[in-house]
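Residue-level structural notes
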Amino acid sequence: MRAHRIKTLQVSELNLIMLFLLLLCAPMLDYAFGGLFSFVDELSCLIICAWAFLRACENKLGTHEKRSIAYMVIICILGCFGNLLYGFQTNIFGVAVDLFTCIKLFICYLSARVVLKDRRNCLSAFQTISKIFLSFAFLGLILHVTGIVNMGSGRMMFGVPCYQFFFSHPTNLAAYCVGCAALLFVDTTPSRGWIVLSCILLIATQRAKAIAMAFVIIFLLFYNVAKRGDQAPSRWVFVLLGIGSAILAMDQIQEYFLTSTSARSLLMQDGVDIAFNCFPFGSGFASFATYMSGAYYSPLYYEYGLNSVWGLMPANPSFVSDSFWPAVIAQFGFFGTLLLILLLGELFKSISSDAKGKGVRFAAYGIIPIYLLILSTADASFFNFYGPYYALVVAAIVNLPSEQGASVLSA
């Protein structure tokens, strides 16, 4: 009986490791094979949720997790009410997919938290895969900078071409480098060389958000060495990080929030107007600033004259989902936006509580939420395809074996 239990546990861990590897490679495979792997993140989320449901009898949800689920349910109800009341999006499939996209990261993390409980070998395997990924990405950077192989999008900074590895966009490379950095902060002594390597790759993408995140990671790395402890930084440290990140990302802030003619700025302005006009429910799912609102072109874009804006046109809605808060404000209304902020707060409290109970340092469990908040200024961060990947990473970190956590605390 015991031998069977051990064998089952090992198979479960192997399945999770393969799923993690698939989530890491899927965006590159999708780019290489023209969309064949575009639904891997959604499928992975469903698998993790089903797996968690089967293990639910072995795990009890805490207060933060219960509140998170309640907030998600209310947000979904508000969005559906908006669809029924205003009818801006009538395609049922588009509404259903958008609803799932909006809650995918949240339900995936809550499920991964259950699935990864007591999976002791997964964290170590995730770290090994991350080191292999960073090694190949850095090798690609050398080949790219030396002009042997072109792996960029054409952008130049100080004569150096931007870098995206095998991804379709530099931002995607940055997202996975942040996940790798989080995993490599976990050990008793953080893997400083690998973390610095991830920061080099972040800077090589030449995206303002990635450079700002590299600053945050390097700051936390030095902060950990200077303090010789793993307690969370004080609020003044976060103020300093916020100011530094804002300075580094100033060109993007200028473009997205202060340039009134840019697509993202217009989406924000009109998103607020829609929230007022559709008070209190919002315009509903797949109606504004999400991928499905462009795929099943929402009449709101015509109503607000956005159909003539580059990147928001019916034939080329490439910028329609390049934002987060406009979608939240417009589709869920002001009340729904407040609920989503509360949801983010409860999930972070859940992550923080689990992590502190296992002695996990702040930099390990904190940099992914920080990055998602930075990214949310100009990207559909919490709705994006790397949500399930981040869910597995954070869940593996906060499920650190107790004896390993104790060694981190005593370091």
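One can find the structure itself at the top, above this paragraph.
Residues numbered from 1 in each chain as written. Predicted model: local features only at pLDDT ≥ 70, side-chain atom pairs only at ≥ 80, totals over all residues. Heavy atoms only, no water.

**Looking at the overall build of the chain**
To keep it simple, the criterion reads: Here a helix means four or more residues in a row that DSSP labels H or I, a strand means two or more in a row labelled E, and each is numbered from the N terminus. We call two residues in contact when some of their heavy atoms are within 4.5 Å. Methods summary: accessible areas were calculated by the Shrake-Rupley approach with a probe of 1.4 Å, and residue burial reflects only the protein chains presented.
Across its full length, the chain carries 17 helices and two strands. By sequence separation, contacts in the chain at least 24 residues apart represent 75% of the contacts at least 6 residues apart. Surface accessibility of the chain: about 18,100 Å² in total, with carbon and sulfur atoms responsible for 68%.

**Regarding the pattern of salt bridges**
Which entries qualify depends on this criterion: Should a side-chain nitrogen of Lys or Arg be within 4 Å of a carboxyl oxygen of Asp or Glu, the pair is scored as a salt bridge. Exposure classes here rest on a 1.4 Å probe applied to the protein chains alone. A residue is buried below 20% of its type maximum, exposed above 50%, and partly exposed in between.
Per the stated rule, a full pass over the model turns up seven salt bridges. With a closest N to O distance of 2.7 Å, Asp-41 and Lys-104 form a salt bridge. Note that Asp-41 is positioned in helix H2 (residues 40–55) and Lys-104 in helix H4 (residues 92–115), a separation of 63 residues in sequence. For Asp-41, a relative accessible area of 6% translates into the label buried. Between Glu-346 and Lys-349 there is a salt bridge, with its nearest N and O atoms 3.9 Å apart. Taken together, the residues span about one helical turn, with Glu-346 and Lys-349 both in helix H14 (residues 325–357) at a distance of three residues. With relative accessibility at 5%, the residue Glu-346 sits in the buried group. For Lys-349, a relative accessible area of 41% gives the class partly exposed. A single salt-bridge network, built from bridges that share partners, covers Asp-41, Glu-42 and Lys-104.

**Some details on the nonpolar core**
Just so we agree on the cut-off: Think of a nonpolar core as a cluster: buried Ala, Val, Leu, Ile, Met, Phe, Trp, Tyr and Cys residues, connected wherever their side-chain atoms sit within 4.5 Å.
With 131 residues, the main nonpolar core has Phe-133, Leu-392 and Ile-397 as its most contacted residues. Discounting residues that sit within four places of it in the chain, Phe-133 has contacts with Leu-24, Met-28, Phe-165, Phe-167, Leu-173, Tyr-176, Cys-177 and Cys-180.

**Some thoughts on the environment of Phe-285**
Position of Phe-285 among the secondary structure elements: in the loop between helix H11 (263–277) and helix H12 (291–295). Between the alpha carbons of Phe-285 and Val-95 there is a distance of 5.3 Å; along the sequence they are 190 residues apart. Not counting chain neighbours up to four residues away, the residues in contact with Phe-285 comprise Ile-75, Cys-76, Gly-79, Cys-80, Asn-83, Gln-89, Val-95, Asp-98, Leu-99, Cys-102, Gln-331 and Phe-332.

**Quick notes on the packing of H4 against H14**
Stated formally: The axes used here are C-alpha line fits, helices contributing only the stretch in contact, and every angle between their N-to-C directions lies in the interval 0 to 180 degrees. By definition in this entry, angles of less than 35 degrees are roughly parallel, angles greater than 145 are roughly antiparallel, angles of 65 to 115 are roughly perpendicular, and the rest are oblique. Take the far helix as your reference; a near helix turned counterclockwise from it by less than a right angle gives a left-handed crossing, and one turned clockwise gives a right-handed crossing. Just so you know the grouping, Ala, Val, Leu, Ile, Met, Phe, Trp, Tyr, Cys and Pro go in nonpolar, Asp, Glu, Lys and Arg go in charged, and all remaining residues, Gly too, go in polar.
Two numbers describe how H4 lies on H14: the axes approach to 11 Å, and their chain directions differ by 15°. As the angle between them shows, H4 and H14 are arranged roughly parallel. Between H4 and H14 lies a crossing whose hand is left-handed. Residues Asp-98, Cys-102, Phe-106, Tyr-109, Leu-110 and Arg-113 of H4 touch H14, and the partners they reach there are Gln-331, Phe-332, Leu-343, Leu-344, Leu-347, Ser-350, Ile-351 and Asp-354. Partitioning the contact of H4 with H14 into residue classes produces nine nonpolar, two polar and three charged.

**Some details on helix H6 (residues 170–184)**
To be explicit about the condition: In a helix, the anticipated span is given by 1.5 Å times the number of residues less one.
Taking 1.5 Å as the rise per residue, H6 with 15 residues should run 21 Å; its terminal C-alpha atoms sit 21 Å apart, in good agreement. Summarising burial for H6: 15 of the 15 residues are buried, a large majority.

**Section: unusual backbone geometry**
That bond from Phe-279 to Pro-280 is cis: its omega, 5°, falls within 30 degrees of zero. Looking at where Pro-280 falls in the secondary structure, it is placed in the loop between H11 and H12. Of note, Phe-165 is a non-glycine position whose phi angle comes to about 60°, a positive value. Locating Phe-165 in the fold gives a position in the loop between strand S2 (160–161) and H6. A positive phi angle, near 65°, is found at Ala-289, a position not held by glycine. Mapped onto the elements of the fold, Ala-289 is located in the loop between H11 and H12.

**Describing a nonpolar patch on the surface**
The following threshold applies: Patch membership requires more than 30% relative accessible area and the absence of a salt bridge. Residues of like charge join within 9 Å; the nonpolar side chains Val, Leu, Ile, Met, Phe, Trp and Tyr join within 5 Å.
A cluster of nonpolar side chains, namely Leu-61, Ile-69, Val-73, Ile-77, Phe-81 and Leu-84, defines an oily patch on the protein surface of about 540 Å² accessible area. In this fold, Ile-77 is placed in helix H3 (residues 63–86). Classification of Ile-77 by relative accessible area gives partly exposed; the value is 42%.

**What to know about the environment of Ala-315**
Inspection of the secondary structure puts Ala-315 in the loop between helix H13 (299–303) and H14. Of the residues examined, Ala-315 reaches a relative accessible area of 81% and is grouped as exposed. Distance in space between the C-alpha atoms of Ala-315 and Gly-294 is 9.3 Å, their sequence separation being 21 residues.

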